[in-house]
Amino acid sequence: MSAASTQVDSPSAQIIDGKAIADRIRKEIATEVKALQEKYGKVPGLAVVLVGTKGDSATYVRMKRKACADLGIQSFSTDLPGDVSEEDLLKVVADYNANEEVHGILVQLPLPKHIDEQRILDAISLEKDVDGFHPANIGALAMRGRTPLFTSCTPKGCLELLKRSGVAISGKRAVVLGRSNIVGMPVAHLLQGEDATVTVVHSRTPDAQAICAEADILVAAIGRAEMVRGDWIKPGAAVIDVGTNPVPDASKKSGYRLVGDVAFSEAKERAGFITPVPGGVGPMTITMLLSNTVDGARRAFEKAAAAQ
Ligand SMILES: NC(=O)C1=CN([C@@H]2O[C@H](COP(=O)(O)OP(=O)(O)OC[C@H]3O[C@@H](n4cnc5c(N)ncnc54)[C@H](OP(=O)(O)O)[C@@H]3O)[C@@H](O)[C@H]2O)C=CC1
Ligand SMILES: Nc1nc(=O)c2c([nH]1)NC[C@@H]1CN(c3ccc(C(=O)N[C@@H](CCC(=O)O)C(=O)O)cc3)C=[N+]21
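Residues numbered from 1 in each chain as written. Chains lettered and ligands numbered in written order. Predicted model: local features only at pLDDT ≥ 70, side-chain atom pairs only at ≥ 80, totals over all residues.

A look at the site of ligand 2
Around ligand 2 there are 19 residues in total, and Gln-108, Leu-109, Pro-278, Gly-282 and Thr-285 lie nearest to it. For the shell around ligand 2, the secondary structure elements donating two or more residues are α3 (55–71), β4 (104–107), α7 (153–164) and α11 (281–307). Ranked by residues supplied to the shell around ligand 2, first place goes to α11 with four residues. Classifying every residue of the shell around ligand 2 gives 11 nonpolar, seven polar and one charged. Two domains each put at least three residues into the shell around ligand 2: domain 1 (40–125) and domain 2 (152–282). (Near = placed C-beta within 6 Å. Helix = DSSP H or I, 4+ residues; strand = E, 2+ residues; numbered from the N terminus. Nonpolar A, V, L, I, M, F, W, Y, C, P; charged D, E, K, R; others polar. Domains from an automatic or database assignment.)

Some words on the site of ligand 1
In the vicinity of ligand 1 lie 25 residues, with Gly-178, Ser-180, Ser-203, Gly-223 and Thr-285 positioned nearest. The element contributing the most residues to the shell around ligand 1 is α11, with three residues. Here the shell around ligand 1 is composed, by residue class, of nine nonpolar, 13 polar and three charged.

Quick word on the nonpolar core
Core analysis: the largest hydrophobic core is formed by 83 residues, its most contacted members being Val-176, Ile-217, Leu-218, Val-219 and Val-239. Here this core takes nine residues from α11, the largest share from any one element. Residues lining this core come from more than one domain, with at least three contributed by each of domain 1 (40–125) and domain 2 (152–282). The residues touching Val-219, leaving out its near neighbours within four places in the chain, are Cys-158, Val-176, Leu-177, Val-187, Ile-240 and Val-242. (Core = buried A, V, L, I, M, F, W, Y, C linked by C-beta atoms within 7 Å. Buried ≥ 20, exposed ≤ 12 C-beta atoms within 10 Å, placed from the backbone. Contact = placed C-beta atoms within 7 Å.)

Re the pairing of strand β8 (residues 238–241)
Of the two faces of β8, the one carrying Ala-238 and Ile-240 and the one carrying Val-239 and Asp-241 are both buried. Relative to β8, strand β7 (residues 217–220) runs parallel, the two sharing four bridges. Each bridged residue has a counterpart across the sheet, and for Leu-218 the counterpart in β8 is Val-239. Strand direction decides the pairing type here: β8 and strand β11 (residues 273–274), joined by two bridges, are parallel. (Pairing = 2+ DSSP bridges.)

From the geometry alone we can't say anything about function, so treat these as descriptive.
In C-alpha coordinates, the structure reads:
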(Lines give C-alpha, C1' and ligand atoms only; values in the text may rest on other atoms or scores of the structure.)
(Ligands and ions follow the chains in the order given, each with its own letter.)
Protein backbone atom coordinates (compact mmCIF):
# COMPACT_ATOMS: atom_id res chain seq x y z
CA MET A 1 0.00 0.00 0.00
CA SER A 2 1.41 3.44 -0.87
CA ALA A 3 1.78 6.12 1.77
CA ALA A 4 -0.64 8.31 -0.16
CA SER A 5 -3.52 5.84 -0.06
CA THR A 6 -2.93 5.20 3.65
CA GLN A 7 -3.07 8.92 4.24
CA VAL A 8 -6.42 9.33 2.47
CA ASP A 9 -7.90 6.47 4.45
CA SER A 10 -6.52 7.52 7.84
CA PRO A 11 -8.88 9.48 10.05
CA SER A 12 -7.57 12.23 12.31
CA ALA A 13 -5.45 11.04 15.25
CA GLN A 14 -6.66 10.05 18.67
CA ILE A 15 -5.61 12.90 20.95
CA ILE A 16 -3.88 11.57 24.06
CA ASP A 17 -5.31 13.61 26.93
CA GLY A 18 -2.34 13.89 29.28
CA LYS A 19 -4.24 16.06 31.71
CA ALA A 20 -7.04 13.50 32.13
CA ILE A 21 -4.60 10.58 32.46
CA ALA A 22 -2.50 12.57 34.94
CA ASP A 23 -5.61 13.40 37.00
CA ARG A 24 -6.53 9.71 37.18
CA ILE A 25 -3.04 8.76 38.34
CA ARG A 26 -3.08 11.57 40.91
CA LYS A 27 -6.22 10.07 42.47
CA GLU A 28 -4.38 6.74 42.76
CA ILE A 29 -1.45 8.54 44.39
CA ALA A 30 -3.72 10.35 46.87
CA THR A 31 -5.13 6.96 47.95
CA GLU A 32 -1.60 5.63 48.37
CA VAL A 33 -0.60 8.66 50.48
CA LYS A 34 -3.59 8.02 52.79
CA ALA A 35 -2.68 4.35 53.11
CA LEU A 36 0.91 5.19 54.04
CA GLN A 37 -0.28 7.73 56.57
CA GLU A 38 -2.59 5.19 58.20
CA LYS A 39 0.07 2.48 58.29
CA TYR A 40 3.09 4.52 59.37
CA GLY A 41 1.62 7.77 60.76
CA LYS A 42 3.82 9.77 58.38
CA VAL A 43 3.36 11.46 55.01
CA PRO A 44 5.70 11.67 52.02
CA GLY A 45 7.70 14.90 51.64
CA LEU A 46 9.13 16.59 48.55
CA ALA A 47 11.74 19.35 48.59
CA VAL A 48 12.04 21.70 45.62
CA VAL A 49 15.05 23.96 45.28
CA LEU A 50 14.89 26.90 42.93
CA VAL A 51 17.90 29.05 42.15
CA GLY A 52 17.17 32.48 40.71
CA THR A 53 13.79 33.57 39.43
CA LYS A 54 13.67 32.76 35.73
CA GLY A 55 9.98 33.28 34.97
CA ASP A 56 8.99 29.87 33.61
CA SER A 57 11.04 27.90 36.15
CA ALA A 58 9.18 29.69 38.92
CA THR A 59 5.86 28.74 37.27
CA TYR A 60 6.75 25.02 37.15
CA VAL A 61 7.95 25.08 40.72
CA ARG A 62 4.70 26.73 41.80
CA MET A 63 2.71 24.04 39.95
CA LYS A 64 4.72 21.29 41.69
CA ARG A 65 4.11 22.81 45.11
CA LYS A 66 0.37 23.08 44.48
CA ALA A 67 0.17 19.48 43.23
CA CYS A 68 1.80 18.30 46.48
CA ALA A 69 -0.72 20.21 48.58
CA ASP A 70 -3.61 18.67 46.61
CA LEU A 71 -2.41 15.11 47.31
CA GLY A 72 -1.43 15.44 50.96
CA ILE A 73 2.30 15.35 50.23
CA GLN A 74 4.33 17.63 52.47
CA SER A 75 6.14 20.25 50.46
CA PHE A 76 9.43 21.89 51.36
CA SER A 77 10.93 24.66 49.31
CA THR A 78 14.04 26.73 49.17
CA ASP A 79 14.38 29.74 46.91
CA LEU A 80 17.94 30.90 46.49
CA PRO A 81 19.19 34.05 44.76
CA GLY A 82 20.67 33.63 41.27
CA ASP A 83 24.15 34.48 42.57
CA VAL A 84 24.14 31.86 45.37
CA SER A 85 27.47 30.07 45.75
CA GLU A 86 27.91 26.42 44.85
CA GLU A 87 28.89 25.69 48.46
CA ASP A 88 25.69 27.24 49.81
CA LEU A 89 23.58 25.25 47.36
CA LEU A 90 25.43 22.04 48.34
CA LYS A 91 24.65 22.85 51.97
CA VAL A 92 20.92 23.10 51.18
CA VAL A 93 21.07 19.71 49.43
CA ALA A 94 22.98 18.20 52.38
CA ASP A 95 20.35 19.48 54.82
CA TYR A 96 17.53 17.92 52.79
CA ASN A 97 19.54 14.68 52.48
CA ALA A 98 19.65 14.55 56.29
CA ASN A 99 16.02 15.56 56.82
CA GLU A 100 13.93 12.45 57.57
CA GLU A 101 10.70 14.17 56.56
CA VAL A 102 12.01 14.66 53.03
CA HIS A 103 11.81 11.69 50.64
CA GLY A 104 12.43 13.48 47.36
CA ILE A 105 14.74 16.34 46.39
CA LEU A 106 14.39 18.26 43.14
CA VAL A 107 16.85 20.97 42.15
CA GLN A 108 15.28 22.80 39.26
CA LEU A 109 17.46 22.86 36.13
CA PRO A 110 19.09 24.62 34.41
CA LEU A 111 21.30 26.12 37.11
CA PRO A 112 23.20 29.40 36.65
CA LYS A 113 26.48 29.09 34.72
CA HIS A 114 28.75 29.59 37.76
CA ILE A 115 27.39 26.42 39.40
CA ASP A 116 28.68 22.97 38.45
CA GLU A 117 25.43 21.13 37.73
CA GLN A 118 27.07 17.70 37.89
CA ARG A 119 28.42 18.37 41.36
CA ILE A 120 24.95 19.30 42.59
CA LEU A 121 23.22 16.29 41.02
CA ASP A 122 25.91 13.95 42.42
CA ALA A 123 25.27 15.35 45.90
CA ILE A 124 21.58 14.41 45.99
CA SER A 125 21.10 11.23 48.00
CA LEU A 126 20.39 8.27 45.68
CA GLU A 127 17.38 7.36 47.86
CA LYS A 128 15.90 10.85 47.36
CA ASP A 129 16.74 11.37 43.68
CA VAL A 130 13.12 11.66 42.51
CA ASP A 131 14.26 13.31 39.26
CA GLY A 132 16.31 10.21 38.46
CA PHE A 133 19.24 12.41 37.38
CA HIS A 134 21.92 10.86 39.61
CA PRO A 135 24.48 9.03 37.43
CA ALA A 136 23.86 5.81 39.38
CA ASN A 137 20.15 5.94 38.53
CA ILE A 138 20.80 6.79 34.87
CA GLY A 139 23.47 4.07 34.72
CA ALA A 140 21.03 1.45 35.99
CA LEU A 141 18.46 2.65 33.46
CA ALA A 142 20.97 2.08 30.66
CA MET A 143 21.90 -1.47 31.78
CA ARG A 144 20.00 -4.60 30.97
CA GLY A 145 18.67 -6.46 33.98
CA ARG A 146 18.94 -3.50 36.34
CA THR A 147 16.21 -1.28 37.71
CA PRO A 148 16.96 2.28 38.81
CA LEU A 149 15.63 3.41 42.18
CA PHE A 150 13.95 6.27 40.32
CA THR A 151 13.18 6.82 36.64
CA SER A 152 13.20 10.42 35.36
CA CYS A 153 9.75 11.96 35.44
CA THR A 154 9.24 13.23 31.89
CA PRO A 155 10.53 10.02 30.23
CA LYS A 156 8.42 7.90 32.60
CA GLY A 157 5.41 10.10 31.77
CA CYS A 158 5.95 9.58 28.02
CA LEU A 159 5.97 5.79 28.43
CA GLU A 160 2.93 5.90 30.69
CA LEU A 161 1.00 7.89 28.05
CA LEU A 162 1.85 5.30 25.39
CA LYS A 163 0.90 2.39 27.63
CA ARG A 164 -2.33 3.87 28.93
CA SER A 165 -3.35 4.69 25.33
CA GLY A 166 -2.84 1.07 24.29
CA VAL A 167 0.09 1.78 21.93
CA ALA A 168 2.22 -1.35 21.38
CA ILE A 169 5.95 -0.73 21.88
CA SER A 170 7.62 -4.12 21.54
CA GLY A 171 9.08 -4.69 18.06
CA LYS A 172 8.15 -1.19 16.89
CA ARG A 173 10.47 1.40 15.39
CA ALA A 174 10.88 4.34 17.74
CA VAL A 175 12.64 7.58 16.91
CA VAL A 176 13.61 10.00 19.67
CA LEU A 177 14.42 13.56 18.65
CA GLY A 178 16.87 14.99 21.18
CA ARG A 179 19.50 13.38 23.44
CA SER A 180 19.47 15.53 26.57
CA ASN A 181 20.17 13.93 29.94
CA ILE A 182 16.75 14.94 31.22
CA VAL A 183 14.53 13.80 28.33
CA GLY A 184 15.88 12.38 25.05
CA MET A 185 18.51 9.98 26.37
CA PRO A 186 16.42 8.40 29.15
CA VAL A 187 13.34 8.15 26.87
CA ALA A 188 15.46 6.23 24.36
CA HIS A 189 16.63 3.81 27.08
CA LEU A 190 13.09 3.27 28.35
CA LEU A 191 11.78 2.53 24.84
CA GLN A 192 14.65 0.15 24.20
CA GLY A 193 13.91 -1.52 27.52
CA GLU A 194 10.37 -2.12 26.21
CA ASP A 195 11.86 -3.84 23.13
CA ALA A 196 11.40 -1.03 20.60
CA THR A 197 14.14 -0.55 18.01
CA VAL A 198 15.32 2.95 18.82
CA THR A 199 17.04 5.65 16.75
CA VAL A 200 18.19 8.85 18.43
CA VAL A 201 18.28 12.01 16.31
CA HIS A 202 20.20 15.11 17.42
CA SER A 203 21.44 18.42 16.05
CA ARG A 204 24.19 16.78 13.98
CA THR A 205 21.95 14.18 12.37
CA PRO A 206 21.57 14.68 8.61
CA ASP A 207 18.06 14.24 7.21
CA ALA A 208 16.08 13.97 10.41
CA GLN A 209 12.86 14.05 8.38
CA ALA A 210 13.59 10.79 6.54
CA ILE A 211 14.42 9.03 9.83
CA CYS A 212 11.26 10.32 11.52
CA ALA A 213 9.17 9.12 8.59
CA GLU A 214 10.04 5.52 9.58
CA ALA A 215 8.90 5.90 13.18
CA ASP A 216 5.94 3.95 14.54
CA ILE A 217 6.58 5.90 17.75
CA LEU A 218 8.01 9.41 17.54
CA VAL A 219 9.11 11.30 20.65
CA ALA A 220 10.09 14.93 20.04
CA ALA A 221 12.22 16.64 22.72
CA ILE A 222 14.32 19.29 20.99
CA GLY A 223 12.91 22.64 22.08
CA ARG A 224 12.32 23.85 18.49
CA ALA A 225 8.82 25.25 18.01
CA GLU A 226 6.82 23.14 15.52
CA MET A 227 9.93 21.88 13.71
CA VAL A 228 8.38 18.47 13.05
CA ARG A 229 5.90 18.96 10.22
CA GLY A 230 2.98 16.82 9.15
CA ASP A 231 4.88 15.16 6.31
CA TRP A 232 7.56 13.92 8.74
CA ILE A 233 5.01 11.62 10.36
CA LYS A 234 4.46 8.01 9.30
CA PRO A 235 0.71 7.52 8.83
CA GLY A 236 -0.74 5.94 11.96
CA ALA A 237 2.31 6.69 14.15
CA ALA A 238 2.09 7.55 17.86
CA VAL A 239 3.54 11.02 18.41
CA ILE A 240 4.64 12.19 21.87
CA ASP A 241 5.47 15.88 21.88
CA VAL A 242 7.62 16.88 24.85
CA GLY A 243 8.51 20.36 23.59
CA THR A 244 7.12 23.34 25.46
CA ASN A 245 8.13 26.40 23.50
CA PRO A 246 6.77 29.86 24.23
CA VAL A 247 5.85 31.83 21.10
CA PRO A 248 4.69 35.47 21.19
CA ASP A 249 0.91 35.87 21.28
CA ALA A 250 -0.48 39.32 21.92
CA SER A 251 -3.96 37.92 22.69
CA LYS A 252 -2.64 36.19 25.86
CA LYS A 253 -2.28 37.96 29.17
CA SER A 254 1.21 36.52 29.51
CA GLY A 255 2.11 37.73 26.01
CA TYR A 256 2.90 34.21 24.83
CA ARG A 257 1.39 30.79 24.24
CA LEU A 258 3.03 27.36 24.39
CA VAL A 259 3.58 25.20 21.32
CA GLY A 260 5.26 21.83 20.99
CA ASP A 261 8.14 20.64 18.83
CA VAL A 262 5.52 19.18 16.47
CA ALA A 263 3.19 21.18 14.19
CA PHE A 264 0.10 19.76 15.87
CA SER A 265 -2.63 20.66 13.37
CA GLU A 266 -0.70 19.08 10.49
CA ALA A 267 0.57 16.08 12.42
CA LYS A 268 -2.81 15.08 13.80
CA GLU A 269 -4.04 14.47 10.24
CA ARG A 270 -1.43 11.70 9.80
CA ALA A 271 -0.69 10.34 13.26
CA GLY A 272 -2.67 7.54 14.89
CA PHE A 273 -2.11 9.05 18.35
CA ILE A 274 -0.76 12.43 19.35
CA THR A 275 -0.23 14.45 22.54
CA PRO A 276 -1.21 18.14 22.58
CA VAL A 277 0.84 20.99 24.08
CA PRO A 278 -0.17 22.07 26.64
CA GLY A 279 -2.11 19.22 28.22
CA GLY A 280 0.03 16.30 27.04
CA VAL A 281 3.37 15.37 28.58
CA GLY A 282 3.61 18.36 30.97
CA PRO A 283 0.92 17.27 33.45
CA MET A 284 2.41 13.76 33.44
CA THR A 285 5.86 15.05 34.40
CA ILE A 286 4.59 16.52 37.63
CA THR A 287 2.45 13.46 38.33
CA MET A 288 5.44 11.12 37.92
CA LEU A 289 7.41 13.35 40.30
CA LEU A 290 4.70 12.87 42.93
CA SER A 291 4.62 9.14 42.22
CA ASN A 292 8.41 8.90 42.63
CA THR A 293 8.19 10.83 45.90
CA VAL A 294 5.61 8.38 47.26
CA ASP A 295 7.80 5.44 46.16
CA GLY A 296 10.77 7.00 47.98
CA ALA A 297 8.69 7.56 51.10
CA ARG A 298 7.35 3.99 51.06
CA ARG A 299 10.89 2.60 50.87
CA ALA A 300 12.04 4.89 53.71
CA PHE A 301 9.06 3.97 55.93
CA GLU A 302 9.56 0.24 55.30
CA LYS A 303 13.27 0.50 56.05
CA ALA A 304 12.63 2.39 59.30
CA ALA A 305 9.97 -0.14 60.36
CA ALA A 306 12.30 -3.08 59.61
CA ALA A 307 15.07 -1.50 61.68
CA GLN A 308 12.88 -1.34 64.80
N1 LIG B 1 6.72 18.79 29.17
C2 LIG B 1 7.68 18.56 30.03
O3 LIG B 1 7.46 18.04 31.09
C4 LIG B 1 9.07 18.94 29.70
C5 LIG B 1 9.32 19.65 28.56
N6 LIG B 1 10.58 19.97 28.19
C7 LIG B 1 10.75 20.63 26.88
O8 LIG B 1 11.31 19.70 25.97
C9 LIG B 1 12.18 20.36 25.06
C10 LIG B 1 13.56 19.72 25.15
O11 LIG B 1 14.07 19.92 26.43
P12 LIG B 1 15.55 19.45 26.83
O13 LIG B 1 15.75 18.04 26.50
O14 LIG B 1 15.79 19.92 28.21
O15 LIG B 1 16.40 20.39 25.81
P16 LIG B 1 17.97 20.50 25.52
O17 LIG B 1 18.15 21.83 24.90
O18 LIG B 1 18.76 20.11 26.71
O19 LIG B 1 18.23 19.38 24.41
C20 LIG B 1 17.73 19.52 23.12
C21 LIG B 1 18.15 18.32 22.28
O22 LIG B 1 17.59 18.49 20.98
C23 LIG B 1 18.60 18.41 20.01
N24 LIG B 1 18.31 19.35 18.93
C25 LIG B 1 18.27 20.69 19.00
N26 LIG B 1 17.96 21.20 17.81
C27 LIG B 1 17.81 20.18 16.95
C28 LIG B 1 17.50 20.06 15.57
N29 LIG B 1 17.31 21.14 14.83
N30 LIG B 1 17.42 18.82 15.04
C31 LIG B 1 17.63 17.73 15.78
N32 LIG B 1 17.92 17.77 17.10
C33 LIG B 1 18.02 18.99 17.67
C34 LIG B 1 19.91 18.76 20.72
O35 LIG B 1 20.96 18.15 20.03
P36 LIG B 1 22.50 18.20 20.55
O37 LIG B 1 22.58 17.18 21.65
O38 LIG B 1 23.27 17.82 19.35
O39 LIG B 1 22.72 19.60 21.02
C40 LIG B 1 19.66 18.18 22.10
O41 LIG B 1 20.02 16.84 22.16
C42 LIG B 1 12.10 21.83 25.46
O43 LIG B 1 11.11 22.45 24.66
C44 LIG B 1 11.68 21.80 26.90
O45 LIG B 1 10.99 22.97 27.28
C46 LIG B 1 11.67 19.58 28.93
C47 LIG B 1 11.49 18.89 30.11
C48 LIG B 1 10.17 18.53 30.60
N1 LIG C 1 15.20 19.20 37.98
C2 LIG C 1 14.29 19.41 37.03
N3 LIG C 1 13.30 18.51 36.85
C4 LIG C 1 12.34 18.73 35.89
O5 LIG C 1 11.43 17.89 35.71
C6 LIG C 1 12.39 19.92 35.10
C7 LIG C 1 13.46 20.81 35.34
N8 LIG C 1 14.38 20.53 36.30
N9 LIG C 1 13.56 21.95 34.61
C10 LIG C 1 12.56 22.35 33.64
C11 LIG C 1 11.85 21.16 33.04
C12 LIG C 1 10.53 21.50 32.41
N13 LIG C 1 9.54 20.75 33.15
C14 LIG C 1 8.14 20.83 32.96
C15 LIG C 1 7.24 20.35 33.87
C16 LIG C 1 5.88 20.51 33.70
C17 LIG C 1 5.37 21.16 32.59
C18 LIG C 1 3.90 21.35 32.45
O19 LIG C 1 3.12 20.93 33.29
N20 LIG C 1 3.41 22.02 31.38
C21 LIG C 1 2.01 22.27 31.15
C22 LIG C 1 1.74 23.73 30.80
C23 LIG C 1 2.26 24.71 31.80
C24 LIG C 1 1.92 26.14 31.43
O25 LIG C 1 0.81 26.41 30.97
O26 LIG C 1 2.83 27.00 31.60
C27 LIG C 1 1.50 21.46 29.96
O28 LIG C 1 2.35 21.13 29.10
O29 LIG C 1 0.32 21.22 29.89
C30 LIG C 1 6.27 21.62 31.64
C31 LIG C 1 7.63 21.44 31.81
C32 LIG C 1 10.15 20.04 34.14
N33 LIG C 1 11.47 20.23 34.12
